[in-house]
Every structure is written in structure tokens, then in C-alpha cells.
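Structure assessment
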Amino acid sequence: MSHVIDTDVTIIGGGIAGLWLFRRLNDMGYKALLLENATLGGGQSIKSQGIIHGGIKYALSGNLTEASECIAGMPARWRACLDGEGEIDLTRVRILSDHQYMWTPGGLGSRMATFFASKALRGRVDPVKRDEVPKVFADPGFKGKLYKLNESVLDIETVVSELIAGLEDRTLKVDWDQDSVIRFGENGDITAIECTAGGETYEIRARRFVLTAGEGTGDILQRWGVTSPEMQLRPLHMVMMKHKHPYPLYAHCISTDIVPRLTVTSHPTDDDQWVWYMGGDIAESGVKRDSDEQIVRAKKEVEKLLPWVDFSDAQWATLRVNRAEPKQSKLLRPDAAYCKAVGNGLITWPTKLALAPNLSDEVVKELQGADIEPSGNEAFGLPESLPRPTVTGPFWSGYFD
Ligand code: FAD
């Protein structure tokens with residue numbers, strides 16, 4: 001038997017973009033359904049470094065670029081949510097650190113000082129006082145400069161859990177190879193999504209289908225026959241180091257390049273250790289290295305930058321992950337959240353986790369522009385037996401003892 005499920009908006013993909021939008025649309029009274037084909041947050045979102053950027057690292061080249069300006073408002077918007085005063089209640093999210101550091105290993109000190117004293121950055125970056133130096137740098141061997149940035153780092157697993165809490169009954173786990181199919185009409189619209197479970201077929205209709213499937217959006221566009229927008233993938237080869245030192249570090253090591261030499265975030269494990277997650281230039285340039293070579297390179301880099309810490313007992317691993325974004329010339333970093341209407345679909349990529357609120361603004365603007373008003377967010381009455389997606393685990397699961 002076939003059941004029709006009418007929605008205002010059906011969202012395909014439960015990463016940060018889909019989840020933020022889903023929560024926001026529900027709060028606005030829209031009848032929204034979220035479809036996910038793996039785990040919630042388990043794509044790029046959990047593999048991100050969880051930094052709520054205000055764009056300062058991009059401003060290092062000297063000028064605040066368009067990208068920097070667009071993203072500059074995001075930390076305050078997230079902060080309001082974390083404080084219970086924003087559009088979404090994120091008060092139970094675990095804040096790993098409410099600030100980050102920028103450090104130079106030495107040599108760039110005067111350039112940094114001039115840059116950080118600039119008017120554009122006043123109030124966003126402060127020199128670190130002697131008694132506030134984080135433990136890992138509190139060694140006579142450290143000769144560089146250290147600045148504090150007011151950008152927080154969040155535990156993304158808890159962000160995902162908070163965004164979905166209470167809305168699980170409006171989610172469906174789909175399997176496009178088995179029991180789910182997207183139907184496209186000749187007019188270029190998505191006609192419906194059909195899911196079969198327990199011998200029943202559910203035909204999901206929507207006034208707008210929003211694609212927030214990250215890398216998976218490329219495949220949907222191909223099947224849909226949509227050639228514009230196109231997706232680009234920018235690969236990274238991240239490094240993970242699990243160690244016993246009581247040293248959480250949230251910092252960018254700055255070089256003369258626009259990309260930080262090393263960006264480290266720290267994630268506590270259940271056995272009271274830390275996983276340092278390392279990105280920046282090491283992850284960009286490391287795409288061409290295999291895992292063993294990447295580990296050798298990362299060990300050398302950490303030894304060079306923090307020679308006074310003994311990490312010889314640490315466990316190392318690497319993780320490859322793509323950033324999925326709208327195609328730009330020369331694989332440049334896109335400037336803001338992206339949203340484009342195609343038929344009754346909205347094709348989106350946040351381009352940064354921090355820009356998820358900005359993406360939801362763009363979608364809401366499109367809905368309002370098309371006179372799609374909320375029709376009420378009462379539950380759909382979907383049977384409990386239908387498969388529901390669960391929240392992802394930490395990105396380092398399965399890599400270490
Ligand atoms: P995803 O998180 O990938 O979510 C897409 C979801 O859609 C997934 O759950 C996937 O399973 C699902 N899906 C895929 N195909 C289908 C389908 N056919 N049907 C149903 N569901 C589907 N940004 C920051 O702001 N700060 C950072 O510190 C930061 N660090 C990063 C570090 C790394 C290593 C990387 C790779 C990116 C980082 N980013 C950061 C960027 C940020 O992670 C991404 O911009 C953001 O997470 C993308 O979110 P998303 O929801 O679009 O994609």
C-alpha cells in the first residue's frame with residue numbers, strides 16, 4: 001500500500017547544514033522532513049575541526065577579504081545560541097574551548113604584531129598575558145609570539161545531538177540502493193521520494209526539496225541531470241595523534257602563507273587522553289602523501305614546532321576527507337554559504353560549518369520569496385517501525401587502541 005506524506009520542505013542530508021535548517025524550519029512552524037542515508041553529522045561535519053571561524057585566519061594575508069567579512073558575524077550568532085539567546089538552543093553543547101591561539105614559531109613576530117594591532121581586528125585578537133600562556137607553550141624553549149582569538153571550538157557530536165533532539169520522529173534513514181528512490185519530472189522538478197519499509201511504500205512530496213547532502217549532492221545532481229551548479233571537491237589528508245599529556249591545544253601556527261602551517265584542535269577521549277587533530281597546510285599539502293609518509297611528515301613538524309614536548313608514546317593515524325562546495329574557478333575557497341534554486345529544489349553547500357546559520361537564512365529567503373508559508377509542524381505520524389538515522393560517533397572511532 002502507498003501512503004502520501006505531504007511536507008512543506010524535505011531536506012536531503014543530515015550534516016550541519018541540513019540539521020541547522022531542519023531545526024530552524026521546525027521552530028518556524030514549517031512541516032519539514034529530514035532524510036539521511038548514513039549517520040547524522042557523520043560526513044564532513046564530524047570530521048571538521050569544529051572551529052566557529054570569524055575569518056581571522058583568512059585575514060592574515062593583510063586585507064580583510066570578502067570571505068572574512070561574510071563570516072565575521074558567525075561567532076556572535078553561534079555564541080547567542082550557545083548562551084540560550086539565539087535562534088536555536090545550543091546551551092547543552094560542549095564547548096571544547098571558547099578561544100583559540102595563533103602562534104608563530106619565531107621570525108614573523110613584527111609582521112604579526114602590526115597586523116593584529118590593525119583597527120579591523122581590534123577586540124577580536126589579543127596578545128596573551130604571561131600568566132595566561134597555555135601549558136604546552138609554558139617552556140623556555142618557546143620563543144615565538146602568541147595571540148588569542150575569540151573564536152570557539154565545539155564538540156560537533158553534541159551540536160548534532162542538540163539539533164536533532166526531539167525531532168527524531170520527522171527523520172528517515174534512506175537507502176538509495178535498496179528501498180528509496182528519487183523521482184524526477186519532465187519539467188525539471190523533483191516529483192517525489194519513494195521509500196519502502198515493512199511492505200509499505202511512502203511517497204514523500206514537498207513544496208521544496210533542499211539538497212544538503214554535502215559530497216552526496218554531486219551524485220543527486222547527476223541523476224537529476226542538473227549541470228549547474230556543479231560541485232567541486234577539495235581533498236584534505238588530516239593527521240590524528242592520541243597522547244597522554246594534559247595538553248589540549250586549539251591553535252593555528254602561522255607561516256607567511258594564507259593557509260596556516262598547522263591548525264590543531266584537541267578532543268578528549270573516554271580513556272582520559274587527547275586526540276590532537278591537525279589540519280592546515282600539512283593536510284592540504286599531504287594529499288599527495290600516503291598515510292605513512294604523512295605521519296612521518298607530521299611527526300617532524302610537531303617536533304620542530306614543540307621540541308620540548310616528548311610525544312614518543314603517541315599513537316598516530318591519518319584521515320582523508322573532501323570538502324564539498326560549489327565549483328569555483330581555480331579551486332578557490334568559496335566566500336559564503338551557497339544556495340541556488342533549480343525547479344522545486346534548492347541546492348546548497350554551507351562551505352564552512354560556521355556558515356550553517358547563513359545557509360538557513362538563504363533557504364528561508366527562498367521559501368519566503370516563493371510564498372511558501374509554514375503549514376504547521378505537527379508530527380507526521382510516521383510509523384515507529386521506519387528506520388531512523390542515528391547520531392554519528394567521534395571522528396577518531398576505530399583508529400586507536
Ligand atoms: P556533511 O557534513 O558532509 O553532511 C552531508 C550529509 O548528507 C551526511 O550526513 C551524508 O551522510 C548525507 N548524505 C550524503 N548523500 C546523501 C543522500 N544521497 N541521501 C541522504 N543523505 C545523504 N568548517 C568550519 O567552519 N570550521 C572548521 O573548523 C572546519 N574544519 C574542517 C576540517 C575538515 C577536515 C573539513 C573536511 C572541513 C572543515 N570545515 C570546517 C568545513 C565544514 O566541515 C563543512 O563545510 C560542513 O561540515 C559541511 O556540512 P554539510 O552539512 O554540507 O555536509
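The structure contained in this document is the topic of the report that follows. Computed from a predicted model, the values in this text were never measured in an experiment.

1. So, the pattern of salt bridges
Counted by the stated rule, this structure contains 15 salt bridges. With a shortest N-O distance of 3.2 Å, Glu 362 and Lys 365 are connected by a salt bridge. Of this pair, Glu 362 and Lys 365 both sit in helix H10 (residues 356-369), separated by three residues, roughly a single helical turn. Since its relative accessible area comes to 24%, Glu 362 is described here as partly exposed. On the accessibility criterion, Lys 365 (52% relative accessible area) is exposed. Counted as one network, the salt bridges with shared partners bring together Arg 24, Arg 77, Glu 87 and Asp 361.

2. A closer look at the sheet that holds strand E5 (residues 125-127)
Through backbone hydrogen bonds, the strands of a sheet pair up, either in parallel or in antiparallel fashion. Taken in spatial order, the eight strands of this open sheet run E5-E6-E4-E13-E14-E15-E12-E16, and their pairing is mixed. Two strands in the sheet have a free side with no partner beyond their single neighbour: E5 and strand E16 (315-326). Taking each pair of neighbouring strands and ignoring which way they run, the sheet shows an average axis angle of 25°. Two elements, strand E14 (residues 262-268) and strand E15 (residues 274-279), share six bridges in a ladder whose sense is antiparallel. Opposite Thr 263, over in E15, you have Gly 279 as the bridge partner. Packed onto the sheet, helix H9 (residues 291-305) meets strand E4 (100-104), strand E12 (231-243), strand E13 (251-253), E14, E15 and E16 and runs at close to 105° relative to E16.

3. Description of the site of the ligand
Close contacts around the ligand come from 35 residues, with Glu 36, Ser 45, Ile 51, Trp 176 and Ala 354 the closest. One nitrogen or oxygen atom from the side chain of Glu 36 is found 2.6 Å from an oxygen atom belonging to the ligand. In this structure, Gln 44 approaches the ligand through a main-chain N or O atom, which is 2.9 Å from an oxygen atom. In isolation the ligand offers 1,000 Å² of accessible surface; the protein chains occlude 94% of this area. Counting only elements with at least two residues in the shell around the ligand, the list comes to helix H1 (16-27), strand E2 (32-36), helix H2 (44-47), helix H7 (216-224), E12 and E16. Per element, the largest residue contribution to the shell around the ligand is three residues, and it comes from H2. Residue classes in the shell around the ligand are distributed as 15 nonpolar, 16 polar and four charged.

Reading guide: rules and limits
- Residues numbered from 1 in each chain as written.
- Predicted model: local features only at pLDDT ≥ 70, side-chain atom pairs only at ≥ 80, totals over all residues.
- Heavy atoms only, no water.
- Salt bridge = Lys/Arg side-chain N within 4 Å of Asp/Glu carboxyl O.
- Helix = DSSP H or I, 4+ residues; strand = E, 2+ residues; numbered from the N terminus.
- Buried < 20%, exposed > 50% of the residue type's maximum accessible area, 1.4 Å probe, protein only.
- Pairing = 2+ DSSP bridges.
- Axes fitted to C-alpha atoms, helices over the stretch in contact; angles between N-to-C directions.
- Contact = heavy atoms within 4.5 Å.
- Near = heavy atom within 4 Å.
- Polar contact = N/O pair within 3.5 Å; in protein donor to acceptor, adjacent residues only side chain to side chain.
- Areas by Shrake-Rupley, 256 points an atom, 1.4 Å probe, with all protein chains shown as cover.
- Nonpolar A, V, L, I, M, F, W, Y, C, P; charged D, E, K, R; others polar.

Geometry only, nothing functional implied.
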